[in-house]
Amino acid sequence: MSTAAPAVGIPALASKGRVTQLRVAVSEWTKLHSLRSTRWSLVVAVILTIGLPCLFAAILSSRWGHLSPGERADHMRHPLEVATAGVNLSQLAIAVLGVLVITGEYSTGMIRSTFIAVPKRLPVLWAKTGVYALVVAALMVPSVLIGYFTSQAILNRHHILQVSLSHHGVARAVLGGALFLVLTGVFALGIGAIVRNTAGGIATFAAIFFVIPPLMNILPTSWNNAISQYLPSNAGRSVFALTHDAHSLRPLPGILLFAGYCAVALAIAAVLLVRRDT
Amino acid sequence: MIEARGLTKDYGPKRAVDDLTFTVKPGVVTGFLGPNGSGKSTTMRLALSLDGPTAGDVTVNGKHYRDHTAPLHEVGALLEARSVHTGRSAYNHLLALAQTHGIPRKRVDTLVDFVGLHDVARKRAGQFSLGMGQRLGIAAALLGDPATLLLDEPSNGLDPEGIHWIRNLLRSLAAEGRTVFVSSHLMSEMALTADHVIVIGRGKLIADMSVDEFVRMASGNAVRVRSPQAVKLSELVAGDGVIVASPEPGTLEIRGSTAEKIGETAAAHGIVLHELAGVQASLEEAFMELTRGEVEYKSGEEIAA
């Protein structure tokens, strides 16, 4: 800081506008892309979503000759699992960033500046959610398609596990991977807004997605079969699975239920956001 | 214009702000004084709808802050606590705030230059010194060309040149007819900057008056007299609410009377006076005098706890 600013003479502002939902969304877009953590998380998500299917395809291709008939049959029953392999890992990057989008503001104190500019607060929650969902969709729809086509191209050289996009349910499952990631981001953002703490938010998300589902195995089988399919992660995953057994939801009810969980998380966040002190 | 009526805020069992009623008028710099922990920052957070009051009410420019449709044009705020994302550049921080109101980029550039952050605007705010952080906060406060300014300890961390700058800035903002409400624990700073003071201690209102009145009230009309017959004079004027102290031989400090009365008494008794003058306490002394009880009470309570 070398220059001394003059004490007087701040120019007046010619025109004065109001806060609108669209303007808050533009502001949230600026906030999102101006942070390094955002760029890195999204780069990781893209690399995982595209890279893992390619890696799996390459490994399967080279090992195919050594696989037992049983193992081959197993892969052939779930031919799309190669193409959607990245979604299961990139969901973690998407979820962590979803939590950070809001908790990063609480940990740094930025939330006070945000709420001074938009004291009604709810437009901030809607803008953050909408902008983040659009960014994830814009990156993940191409990523899952590239992951599908490149992994299929690699497998095609060995003429194994070919699934056409026109085949029943394939396009839905491939694009469903992107939709699942969008909703995962929204769900994580809602949890971040409720918990307001980065570590707590990520831990809560991990508990719901990665800790509770395996714990269900402790329950009697009949209970587990009845309950597990309704957990957020399992309900959501049904949209990018090509086949469904008796104890998993169909794609449409599954993704609607997952969207319902997102709506509940956002609704709780909205109520708390307006009521709580900052 | 800021109006608080019966404003009260509890955090758990602790009452941070206790039945505050005051009005901050436009066109003057109003200092908001109180010892640390007296509730200044809480009052500002209540005025900005960051926290909700337990009881009572505070409005800014006639409305609750939350009800303004263009809050940045109504109120510019600088909070004591850091309120910037450390990973974002100063420029992008200001841009994101500006965009919520459709304020053009040009305005952001103007303010970056105005507060003297031109060379570091693209640096991440986490790398800023305290003084640079304050300048960024002041730029954010002025972004919307607001009618009212709420500034919590704006001179914190500024170098002498920066303090001089902020003092002139506050006075010129008030001269333009804006409401300027600025908290500080530096009384000497407020003496140079403020026209009016609101003093609180332990969340309660202690004083709400002009700086001149404040000093006069706290110093209690002391009159300083030098006389070779000081002892005789003190016997003549003492009593009936008049208190005489003698800080050194031949010098008296008389409270509860006026220079006129003392001069007339001296003349009537043929007493020679070498000096007869009203004494004014500094704002610092006046403040210490006023808040002493509050501060001591607090320390005692802390020891007991």
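Cut-offs applied
Residues numbered from 1 in each chain as written. Chains lettered and ligands numbered in written order. Predicted model: local features only at pLDDT ≥ 70, side-chain atom pairs only at ≥ 80, totals over all residues. Helix = DSSP H or I, 4+ residues; strand = E, 2+ residues; numbered from the N terminus. Contact = placed C-beta atoms within 7 Å. Buried ≥ 20, exposed ≤ 12 C-beta atoms within 10 Å, placed from the backbone. Pairing = 2+ DSSP bridges. Axes fitted to C-alpha atoms, helices over the stretch in contact; angles between N-to-C directions. pLDDT = per-residue confidence, 0-100. Nonpolar A, V, L, I, M, F, W, Y, C, P; charged D, E, K, R; others polar. Core = buried A, V, L, I, M, F, W, Y, C linked by C-beta atoms within 7 Å. Parallel < 35°, antiparallel > 145°, perpendicular 65-115°, else oblique. Left-handed = near helix turned anticlockwise from the far one by under 90°.

Novice: I'd like to hear about the overall build of chain A, residue by residue, with values.
Specialist: Within chain A one finds 11 helices and zero strands. Its helices and strands taken in sequence order, chain A reads α-α-α-α-α-α-α-α-α-α-α from the N to the C terminus. Summarising the internal contacts of chain A: among those between residues at least 6 apart in sequence, 80% fall at separations of at least 24.

Novice: Give me the lowdown on the pairing of strand β12 (residues 251-255) of chain B, citing residues and values where you can.
Specialist: Of the two faces of β12 of chain B, only one is covered, namely that formed by Leu 252 and Ile 254 of chain B; the face formed by Thr 251, Glu 253 and Arg 255 of chain B stays uncovered. Between strand β11 (residues 243-248) of chain B and the antiparallel strand that follows it, β12 of chain B, lie two residues; Gly 250 of chain B among them carries a positive phi value of about 85°.

Novice: Quick one: what's the story with helix α1 (residues 40-47) of chain B, residue by residue and with numbers?
Specialist: Residues and elements named next belong to chain B. With eight of eight residues buried, α1 lies mostly within the body of the structure. Three or more residues of α1 are buried, namely Lys 40, Ser 41, Thr 42, Thr 43, Met 44, Arg 45, Leu 46 and Ala 47. Following α1 by one or two positions, Ser 49 has its phi on the positive side, about 60°.

Novice: Mind laying out the sheet that holds β12 of chain B, listing which residues take part and the relevant values?
Specialist: Residues and elements named next belong to chain B. The four strands lie next to each other as β11-β12-β10-β13, forming an open sheet whose pairing is antiparallel. Bordering the open sheet on either side are β11 and β13 (275-279), each of which pairs with just one other strand. Neighbour to neighbour, the strand axes of the sheet diverge by 25° on average, direction disregarded. Bridge count for strand β10 (residues 222-226) against β13 is five bridges, and the pairing is antiparallel. Its bridge partner lying in β13, Val 225 is registered against Leu 276.

Novice: Explain the confidence of the model for chain B to me, and be specific about the residues and the numbers.
Specialist: Residue and element names in this part refer to chain B. Per-residue confidence for chain B gives a mean pLDDT of 88, with 91% of residues at or over 70. When pLDDT is averaged over each helix and strand of chain B, the minimum, 55, is found for helix α11 (residues 283-304) and the maximum, 97, for helix α3 (residues 90-99). Here the predicted complex scores 0.86 on pTM and 0.91 on ipTM.

Novice: I'd like a rundown of the interface of chain A and chain B, residues and numbers included.
Specialist: Between chain A and chain B, the residue contacts involve 40 residues of the former and 51 residues of the latter. Sorting the residues of the side of chain A that touches chain B by element identifies α1 (21-33), α2 (36-63), α4 (85-108) and α5 (110-117) of chain A as the ones contributing at least two each. Here the side of chain A that touches chain B is built from residues that sort into 19 nonpolar, 12 polar and nine charged.

Novice: Which residues make up the nonpolar core, and what values go with them?
Specialist: All names here are of chain B. Residues Leu 94, Val 112, Ala 139 and Leu 143 are the most contacted members of the largest nonpolar core, which totals 152 residues. For Leu 143, the residues in contact, after removing those within four places along its chain, are Leu 72, Leu 94, Leu 97, Ala 98, Ile 103, Arg 107 and Leu 111. Of all hydrophobic cores here, the second largest spans 10 residues; its members include Ala 230, Val 244, Leu 252 and Ile 254.

Novice: I'd like to hear about unusual backbone geometry, residue by residue, with values.
Specialist: For His 159 of chain A, which is not glycine, the phi torsion reads 55° and is therefore positive. By secondary structure assignment, the location of His 159 of chain A is in the loop between α6 (122-156) and α7 (170-195). Unusually for a residue other than glycine, Asp 19 of chain B sits at a positive phi of about 55°.

Novice: Run through the packing of α1 of chain A against α6 of chain A, naming residues and quoting values.
Specialist: Residues and elements named next belong to chain A. Interhelical geometry of α1 versus α6 gives an angle of 55° and a closest axis separation of 8 Å. For the element pair α1 / α6, the angle class is oblique. Every pair of crossing elements has a handedness; the one defined by α1 and α6 is right-handed. On α6, the residues that touch Gln 21, Val 24, Ala 25, Glu 28, Trp 29 and Leu 32 of α1 are Pro 123, Val 124, Trp 126, Ala 127, Lys 128, Gly 130, Val 131, Tyr 132 and Val 135.

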